[in-house]
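Here is what each chain is made of, one letter per residue.
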Amino acid sequence: MNIVRPADELLDQPFWRHLAAGQLHLNACEACGAFRHPPGPCCPKCRHIGEHWAPVSGRATLQSYTTVRHPVHDRLTSAVPYVVTLVRLAEGPRMISGIPPGEHYDLKVGLELECKVISYDARFALPFFVPVAQVQP
Amino acid sequence: MTTSIAGIGQTEFSVRSGRSELQLAIEAIKAAVADAGIDIDEIDGLVRYTWDNTTEAAILNALGLPRLTYYGETEFGGVNCCGAIAQACAAIEAGLASCIVFYRALNARSGTRYGRGDRILSEENGQLVNRQMEPPGDVYSAPFGLLVPGQHHALYARAYLDHYGLSDDQCAEMLGSIAVTQRAYANANPRALLRERELTMEQYLAGRIISEPLRLYDYCLETDGAMAIVITSKEKAKSLRSRTVDVLAAQQYVHPGSVPMFLYAEDTHRLVPPEAGEILFRRAGVSAQEIDVAMFYDATSIMVPMALEDFGFVERGGAHDFLTSGGNGPGGRLPINTHGGLLSEGYFHGLNSIAEAVRQLRGESPNQVDCETAFMTLRGASSMILGRA
C-alpha cells in the first residue's frame, strides 16, 4: 500500500500518465533540452517558454534520506517506519522519492540509484529509487 | 537603516488558548503598543505572513483604527520573520507609514497543527489524498510520505552530517547539547512553555526518534498565542519613553529551490550561500565576530549548526565542536536562543525570537548577555541585525 495518493484530477497530468504507463518522464525545455522538476512553463536555464515531456535514464544519486518513525496522520500508523529519499537524477533535477515498502537497504549519501516504478493501479504509479547493485526483483 | 523596534507584546504561550486567533492578535497588539508607549491610534501600518489567518482588515475593523496607510504581507511563515521587519522598515523609510505593527496569531496546537499531515491531506474512499501544489506536502513528495516541515529538516540533517562525516552519535551530541542548553535557558524564563520541565542529556537521548536522525526534543513546540512587534522611525523612537532597539539591517535572500521548503536547491548541507551574510553584515556595518547574542530560528535543532556556519560564526564543519563545548550557552562565545528558542519557549513563528533579541538589547532577558548587537535569521531566507539604541 502506498502512503498518499494524488487526487484523481491530478493523475491526468503527464507526469503521472507516463508513470502509469511504466516509465519516469520529466518536463523538459523544447529549446535547450534541459530537464526540470517540478514541471513548469519556463526553462530556468535558458528562459525559453515551451515544454515537452521526455523519458529520463532513471539513474540518480542519493542526496539525503530519512526514516520516518512518527506517523503524522492517524491513517499512517501502520505505514511507519518508511524511508523518504532526496535524489539527484543523472539529468540534473532533484526529486523526492522513497524506498519501496518492504525493501531494506543500507543507505549512504552518494549511493548510485536506479528508478523502480511501482504501479498501484491503472492510473497511479510511483517512481521509487533503489541502489543499483542491490535491485530486488 | 533608520528604523527601530519600539515595542513588543504577546499573549501567554499555551497549548489551548481558548480564544480566537483574532482575539489573540488584538491582545498582542495592545500589549505591544502599551510597551512602546504610543497611542493605539498612531498605528498606520500592518504587516503579516500570508500564512496568518487573521487579515489586516479584521485587525483594522476590530480595533477601530482611524486609518491604515500601508499594509502588506510577506509570503509563507517563519521564512519571513525578518522579511516582514524589512518590509516594515522599507515602508517607513519610503514614508508610506510611520508606525507599523507586525503580528502573528496562531492556535497551532488546539487548532491546525503544523506537525500533522491533516492540513494537506483529505480522506477519500478510504485513501489519503493530496492535491497540494507547493511544499510542504506537495503532490510530488506527499505520496512518499514527506508531509510536514519536520521531515524536511531530517533531510537537511542527514545531508549535513554526511557532508562533514559526522556519525549519528556525534549528531546526537551536537543536537542534544542544543536542546539541553536551550531548555536550561527556558527553565529561567517565566514566559516559557516548558519553564518547569528540565531536560538532561540522558532524557534527550532517550527521546523517541521522530524522523531519523531527529528526536522528539529536536523539534519546536506547537503553540497557541500571538505576538506583535511595533516598528517606527528611529527619530520617532527617540521620542518614546520605551527602551527601543535599532534595526541595523534586515533583509530577505531566497534562491532557486530555497523556498518554500528547501526541497530542490543545489546544496542541502548548507541553506544559504555566503553572499547572504556578506550583504547583511556590510549593510549593518558589523562583522559576525562583533555579534554578541544570536537567535536562530530553530523549528528543529539542526537549524542551529547550519546557521552558525552559513553566517560565518564558526568555520564550516566547526559547529559540532562549538556546540558541544558550550559555545551557545551562558558565558559562551555566542549565546544562542537565550529564551529557550522555539524548542523550549514556544512557537510564535519566529516573532518570539525577535522579541528575545529585543529584550537582550534592552537588558531585560531572563538570561541576560552583555550585548550591543543581536543577530536573527531563518536559514538565511530572512535575517537581521539589531543594535542597542
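Residues numbered from 1 in each chain as written. Chains lettered and ligands numbered in written order. Predicted model: local features only at pLDDT ≥ 70, side-chain atom pairs only at ≥ 80, totals over all residues. Heavy atoms only, no water.

Next up on the list: unusual backbone geometry. All names here are of chain B. Cis geometry marks the peptide bond from Pro135 to Pro136; its omega dihedral reads 0°. Relative to the assigned elements, Pro136 resides in the loop between strand E6 (127-130) and helix H4 (149-164). Going from Glu212 to Pro213, the amide bond is cis rather than trans, its omega being 5°. Along the chain, the position of Pro213 falls in the loop between strand E7 (209-211) and strand E8 (214-215). Unlike most non-glycine residues, Phe262 shows phi in positive territory, near 55°. Within the secondary structure, Phe262 sits in the loop between strand E10 (245-252) and helix H8 (274-284). Even without being a glycine, His349 presents a positive backbone phi close to 60°. With respect to the helices and strands, the residue His349 is situated in the loop between helix H11 (341-344) and helix H12 (351-362). (Helix = DSSP H or I, 4+ residues; strand = E, 2+ residues; numbered from the N terminus.)

On to the domain arrangement of chain B. Residues and elements named next belong to chain B. You can read the domains of chain B as domain 1 (3-110 + 221-388) and domain 2 (114-147). The partner domain 2 presents 10 residues to the 11 residues of domain 1 that form the contact. With both sides pooled, the region where domain 1 packs onto domain 2 buries about 760 Å², and carbon together with sulfur makes up 65% of that total. Here domain 1 and domain 2 share 0 salt bridges between them. Counting across the interface, domain 1 meets domain 2 through 2 residue pairs in polar contact (both at pLDDT 80 or more). Here the residues of the side of domain 1 that touches domain 2 are counted per class, giving 8 nonpolar, 1 polar and 2 charged. (Domains from an automatic or database assignment. Contact = heavy atoms within 4.5 Å. Buried area = accessible area lost by both parts, 1.4 Å probe. Salt bridge = Lys/Arg side-chain N within 4 Å of Asp/Glu carboxyl O. Polar contact = N/O pair within 3.5 Å; in protein donor to acceptor, adjacent residues only side chain to side chain. Nonpolar A, V, L, I, M, F, W, Y, C, P; charged D, E, K, R; others polar.)

This part is about the pairing of strand E7 (residues 94-98) of chain A. Residue and element names in this part refer to chain A. Most of E7 sits out of view: 5 of its 5 residues are buried. Along E7, one buried face is formed by Arg94, Ile96 and Gly98 and the opposite face, lined by Met95 and Ser97, is buried too. The pairing of strand E6 (residues 82-89) with E7 spans 5 bridges and is antiparallel. Counterpart to Val84 in the pairing with E7 is Gly98. Hairpin connection from E6 to E7: 4 residues lie between these consecutive antiparallel strands, with Gly92 at a positive phi of about 120°. (Buried < 20%, exposed > 50% of the residue type's maximum accessible area, 1.4 Å probe, protein only. Pairing = 2+ DSSP bridges.)

Time to look at the interface of chain B and chain A. Listed by partner, the interface residues are 39 residues for chain B and 43 residues for chain A. Interface of chain B and chain A: buried area, both sides summed, is about 3800 Å²; carbon and sulfur atoms make up 58% of it. Summed over the shared surface of chain B and chain A, the number is 6 salt bridges. Lys108 of chain A is the partner of Asp162 of chain B in a salt bridge, and the nearest nitrogen-oxygen pair spans 3.8 Å. Our enumeration of links across chain B and chain A arrives at 24 residue pairs in polar contact (both at pLDDT 80 or more). With 6 residues, H4 of chain B is the largest single contributor of residues to the side of chain B that touches chain A. Classifying every residue of the side of chain B that touches chain A by side-chain character gives 19 nonpolar, 10 polar and 10 charged. Note that strand E1 (residues 5-6) of chain A and E6 of chain B share 2 bridges and pair parallel. When the sheet's bridge partners are listed, Pro6 of chain A is paired in E6 of chain B with Asn130 of chain B.

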